[in-house]
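Structural overview for review
One letter stands for each residue in the lines below.
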Amino acid sequence: MGKRVLTSDGKVIDLDKGTGIEHLPPESLAMEKHTYGVYSNYFSVIFNGTMINIQTGQGQFFDGESGMRRLINEMQEMKLFPKMFPVSLSQNSVNGDVSYVIYMNINGVSHKVVLTYDRSHPEYQINAIIEYPRLNTSKMLGHWYSDGRPCYIHSWTRSWTALKVATQLRFWLEDYYNDSGYVRDYEYEMDRIMRESDRIINEINRKQSFWRFW
């Protein structure tokens, strides 16, 4: 039997034949492992037009069913990040870490931002690194920053998702360029950012109806 995809509207697309692939909704990929020809320690998703095979069994948070469901739902959310900032998904072939690479053009400067899930996600925060350009570590008095790692959270909770982290990093970079050396109260500023982040994400969620994988 060929490699097949079951879409969210109930259609079956045969990938071997290639017919109808261009109409495949990225969020609606469901695998039938016994017919799809996929090894049992892999599952596949389509993220922003690219099929990604995710390997399990390496001690990652998505090895269990609830963790896999969480990962897939967060991938769905990440597709809502502004299209002006390209986002790709990848997995480290050595340790199994799953990362998003986001290119954020802020203030006319292109930044490569990498968000990597912790193995205990969502119990522990997502690792965020600005790979380039090298920013001035002393420019902002209210935002800790060292070795490419911005302090993007006030306190981590299980409600944090990759989309929320990406949104916070965007705010962080906008503050870096627009609020250089600001001296506003730190707690007030972080509360403002958190409220604005929640507002944007809640607004997106109200306007979107996610198709759930499970």
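Residues numbered from 1 in each chain as written. Predicted model: local features only at pLDDT ≥ 70, side-chain atom pairs only at ≥ 80, totals over all residues. Heavy atoms only, no water.

**A few points about unusual backbone geometry**
The residue after His 121, namely Pro 122, is reached through a cis peptide bond having omega 5°. Relative to the assigned elements, Pro 122 resides in the loop between strand 7 (109-116) and strand 8 (127-132). Residues Tyr 132 and Pro 133 are joined by a peptide bond in cis, for which omega reads -5°. In this fold, Pro 133 is placed in the loop between strand 8 and strand 9 (145-146). A positive phi angle is found at Asn 48, which is not glycine, with a value near 50°. (Helix = DSSP H or I, 4+ residues; strand = E, 2+ residues; numbered from the N terminus.)

**Focus on the side chain of Ser 99**
Secondary-structure assignment places Ser 99 in strand 6 (residues 98-106). At a separation of 2.7 Å, a polar atom in the side chain of Ser 99 contacts the side chain of Thr 116. Each residue touching Ser 99, except ones within four places of it in the same chain, is listed here: Ser 88, Leu 89, Ser 90, Val 114, Leu 115 and Thr 116. (Polar contact = N/O pair within 3.5 Å; in protein donor to acceptor, adjacent residues only side chain to side chain. Contact = heavy atoms within 4.5 Å.)

**Concerning the confidence of the model for the protein**
Per-residue pLDDT for the protein averages 77, and the proportion of residues at 70 or more is 68%. Counted against residues more than four places away or in other chains, residues 29-39, with its pLDDT under 50, gives 31 contacts. (pLDDT = per-residue confidence, 0-100.)

**Some words on helix 3 (residues 162-178)**
Taking 1.5 Å as the rise per residue, helix 3 with 17 residues should run 24 Å; its terminal C-alpha atoms sit 24 Å apart, in good agreement. Counted residue by residue, helix 3 has 14 buried out of 17 residues, so it is predominantly covered. (Expected span 1.5 Å × (residues − 1). Buried < 20%, exposed > 50% of the residue type's maximum accessible area, 1.4 Å probe, protein only.)

**Considerations on the pairing of strand 3 (residues 42-47)**
Remember that side chains alternate between the two faces of the sheet whenever the strand is regular. The buried fraction of strand 3 is high, at five of six residues. Taken together, strand 3 and the strand that follows it, strand 4 (residues 50-55), pair antiparallel across an intervening segment of two residues, in which Asn 48 is found at a positive phi of about 50°. (Pairing = 2+ DSSP bridges.)

**Overview of helix 2 (residues 65-78)**
Under the 1.5 Å per step criterion, the end-to-end length of helix 2 is 20 Å for 14 residues, consistent within 8% with the ideal 20 Å. Among the residues of helix 2, those classed as buried are Gly 67, Met 68, Leu 71, Ile 72, Glu 74, Met 75, Gln 76, Glu 77 and Met 78. Those residues of helix 2 hidden inside the fold are in contact with strand 3, strand 5 (87-91), strand 6 and helix 3.

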